[in-house]
There are 2 protein chains.
Amino acid sequence: MIFYDCSTAPNPRRARLFIAEKGLDIDTREISIAKGEQLRPDFLAVNPRATLPVLVTDEGDVLTENLGIAAYLEAKYPEPPLMGRTPSEKGAVLMWNSIVEQQGGLPIAEALRNSNPHMKDRAIPGPVDFVQIPELAERGMARVGLFWDLLEKRLAETPYVAASTFSLADITTFVFVEFARVIRARIPEENDATLAWYERVKARPSASL
Amino acid sequence: MIFYDCSTAPNPRRARLFIAEKGLDIDTREISIAKGEQLRPDFLAVNPRATLPVLVTDEGDVLTENLGIAAYLEAKYPEPPLMGRTPSEKGAVLMWNSIVEQQGGLPIAEALRNSNPHMKDRAIPGPVDFVQIPELAERGMARVGLFWDLLEKRLAETPYVAASTFSLADITTFVFVEFARVIRARIPEENDATLAWYERVKARPSASL
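Residues numbered from 1 in each chain as written. Chains lettered and ligands numbered in written order. Predicted model: local features only at pLDDT ≥ 70, side-chain atom pairs only at ≥ 80, totals over all residues.

Chemist: So what's going on with the interface of chain B and chain A? Which residues, and what values?
Modeler: Tallying the contact residues gives 29 residues for chain B and 29 residues for chain A. At the level of secondary structure, the elements contributing two or more residues to the side of chain B that touches chain A comprise strand S4 (62-64), helix H3 (66-76), helix H4 (87-113) and helix H5 (134-155) of chain B. Ranked by the residues each element gives to the side of chain B that touches chain A, the list is headed by H4 of chain B, at nine residues. Here the residues of the side of chain B that touches chain A are counted per class, giving 16 nonpolar, six polar and seven charged. (Contact = placed C-beta atoms within 7 Å. Helix = DSSP H or I, 4+ residues; strand = E, 2+ residues; numbered from the N terminus. Nonpolar A, V, L, I, M, F, W, Y, C, P; charged D, E, K, R; others polar.)

The structure is reproduced here in structure tokens:
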């Protein structure tokens with residue numbers, strides 16, 4: 001297998017942590033988004049949609065999108081399970097993963113991509129340029145505030161985001177929470193349950209990757 | 001089980017088609033978004049995030065988000081499989097489901113919610129109001145054009161979106177393609193592969209739901 005990674009971007013980091021939590025050692029190639037390497041012909045030949053991460057499997061599949069990579073690896077290497085064991089757990093993991101992507105990951109990306117001067121005309125990942133929309137950056141910041149509330153409410157109920165054990169939903173949440181630093185957003189200091197969860201996840205070996 | 005549906009909205013329709021394709025008959029309650037019923041206390045007691053669809057399971061789980069509901073039902077009722085049989089298929093289904101959500105569903109929703117006078121201050125689903133951003137509606141329309149290209153390229157390669165057989169990714173794509181009518185967007189008439197796929201999916205009994 002070959003894993004195409006980018007050390008500075010949140011979505012490849014999600015796949016990198018998933019691979020580490022599975023205990024897998026996969027041949028990894030770094031693609032620098034800062035240098036625009038994802039738009040070069042040799043990478044576009046791998047993924048014409050110009051996004052990272054990508055996993056090329058031994059069967060020859062070219063898997064993009066975190067959920068595509070996670071679903072493949074979970075089925076191929078079931079232990080330890082990161083997407084739930086029972087139907088209820090499997091439902092909860094993908095439910096919370098979706099909620100965190102939409103209510104956390106998307107607003108953070110909107111806030112960054114529509115305000116950062118280095119991302120001018122790069123408001124959306126992929127091969128086509130889109131101009132920044134400043135109002136969307138502002139809306140993103142407002143929504144990140146709501147995301148902290150949502151997360152605190154959830155983590156006051158359960159030790160991990162989707163269930164009583166660590167899962168894909170924690171990886172997604174952890175990566176976005178750390179990435180929020182780029183827009184100067186942090187877990188509010190009064191959000192005790194979220195901060196306690198953050199320390200639990202941060203203590204895992206994968207968290208340093 | 002209880003399924004909370006809304007007959008006019010695309011996301012509940014995705015779950016409704018998934019349930020039908022599984023051959024399940026689940027007690028269904030209609031929540032009218034047009035009447036704002038998703039914001040009323042009795043529904044907020046079920047889902048405080050005020051979104052549809054919701055599946056309340058016999059185990060007492062309250063599952064929101066299409067992927068949460070699909071993952072639960074796929075694990076509980078494996079036949080017929082709608083999320084792939086092999087690791088490669090499972091990866092491809094969630095990969096293409098994600099691509100279609102991001103490149104198709106999101107731009108269509110952005111185009112509608114940021115332009116329709118009936119959705120003033122309802123630019124994002126959920127309990128909190130957000131004002132419309134007209135530039136985001138324009139960008140959504142432009143991106144829907146790119147989505148038709150992406151879909152045509154993919155469906156020239158495979159008979160169904162994720163694989164050689166019908167899956168969750170086809171349900172997601174079909175529902176968004178039909179919903180695009182609300183922004184007067186249709187499959188371009190020269191996109192033969194997409195139109196042939198559309199007729200194949202449209203012929204299924206679930207497509208009339």
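Chemist: Break down the confidence of the model for chain A for me, with residues and values.
Modeler: In this model, chain A carries an average pLDDT of 97, and 100% of its residues clear a pLDDT of 70 or more. What the predictor reports for the complex is a pTM of 0.97 with an ipTM of 0.97. (pLDDT = per-residue confidence, 0-100.)

Chemist: Mind laying out the domain arrangement of chain A, listing which residues take part and the relevant values?
Modeler: Residue and element names in this part refer to chain A. Taken domain by domain, chain A holds domain 1 (2-76) and domain 2 (87-208). Placing the centre of domain 1 and that of domain 2 at their C-alpha centroids yields a distance of 20 Å. Listed as interface residues are twelve residues of domain 1 and, on the opposing side, ten residues of domain 2. Its residues assigned to classes, the side of domain 1 that touches domain 2 shows seven nonpolar, one polar and four charged. (Domains from an automatic or database assignment.)

Chemist: How would you summarise the relation of the copies chain B and chain A if you had to cite specific residues and measurements?
Modeler: Laying chain B over chain A is done by rotating through 180° and shifting 0.0 Å along the axis; what remains is an RMSD of 0.0 Å. Here the symmetry operator amounts to a two-fold rotation axis. Minimal C-alpha distance to the rotation axis in chain B is attained by Leu136 of chain B, lying at 3.9 Å. Looking at the interface residues of chain B, 100% of them are also at the interface in chain A, so both copies use one shared face. (Least-squares fit on C-alpha atoms with pLDDT ≥ 70 in both.)

Chemist: Give a detailed account of the packing of helix H1 (residues 10-21) of chain A against helix H3 (residues 66-76) of chain A, specifying residues and quantitative values.
Modeler: Residues and elements named next belong to chain A. Two numbers describe how H1 lies on H3: the axes approach to 10 Å, and their chain directions differ by 10°. Considered as vectors, H1 and H3 are oriented roughly parallel to each other. Counting all contacts with H1, which are made through Asn11, Arg14, Ala15, Phe18 and Ile19, the residues of H3 involved are Asn66, Ile69, Ala70 and Leu73. Grouping the constituent residues of the contact of H1 with H3 by class yields six nonpolar, two polar and one charged. (Axes fitted to C-alpha atoms, helices over the stretch in contact; angles between N-to-C directions. Parallel < 35°, antiparallel > 145°, perpendicular 65-115°, else oblique.)

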